[in-house]
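Secondary and tertiary structure notes
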Amino acid sequence: MGILLTGIGSDGIDGLRAIINAGGMTIAQEEECCVFPNLTQSAIEHGVVQQILPDREIPDVLTKWKNHRT
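1. What to know about a nonpolar patch on the surface
Taken together, the side chains of Ile-3, Leu-5 and Leu-62 present a nonpolar region at the surface, about 210 Å² in accessible area. Inspection of the secondary structure puts Leu-5 in the loop between strand S1 (2-4) and helix H1 (11-21).

Structural data, given as structure tokens:
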């Protein structure tokens, strides 16, 4: 699982792409919640984000994912 919270550059995109290629799940913080939304916007445009969530919802998704895997 990869979670992109905020940032600049392209390393987050490369990481999310690798996670998807390995069969993992990817989440990006909703752009309105980001200090630097450029990386999030770019990751969405590159198609490497499976879910876009406000930061307050990410812990619930992590808990559900963890409980599903155990």
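2. Thoughts on the sheet that holds strand S3 (residues 51-53)
Spatially, the 3 strands line up as an open sheet ordered S1-S2-S3, and their pairing is parallel. One side of each edge strand has no neighbouring strand; the edge strands of this open sheet are S1 and S3. Direction aside, neighbouring strands of the sheet carry axes that sit 25° apart on average. Relative to S3, strand S2 (residues 26-29) runs parallel, the two being bridged by 3 bridges. Of the residues in S3, the one forming a bridge with Ala-28 is Ile-52. Each of S1 and S2 is contacted by H1, which is oriented at about 155° to S1, the strand it contacts most. Along the sheet, helix H2 (residues 38-45) makes contact with S1, S2 and S3, crossing S1 at roughly 130°.

Cut-offs applied
Residues numbered from 1 in each chain as written. Predicted model: local features only at pLDDT ≥ 70, side-chain atom pairs only at ≥ 80, totals over all residues. Heavy atoms only, no water. Patch = residues over 30% accessible without salt bridge, like charges linked within 9 Å, V, L, I, M, F, W, Y side chains within 5 Å. Areas by Shrake-Rupley, 256 points an atom, 1.4 Å probe, with all protein chains shown as cover. Salt bridge = Lys/Arg side-chain N within 4 Å of Asp/Glu carboxyl O. Helix = DSSP H or I, 4+ residues; strand = E, 2+ residues; numbered from the N terminus. Pairing = 2+ DSSP bridges. Axes fitted to C-alpha atoms, helices over the stretch in contact; angles between N-to-C directions. Contact = heavy atoms within 4.5 Å.

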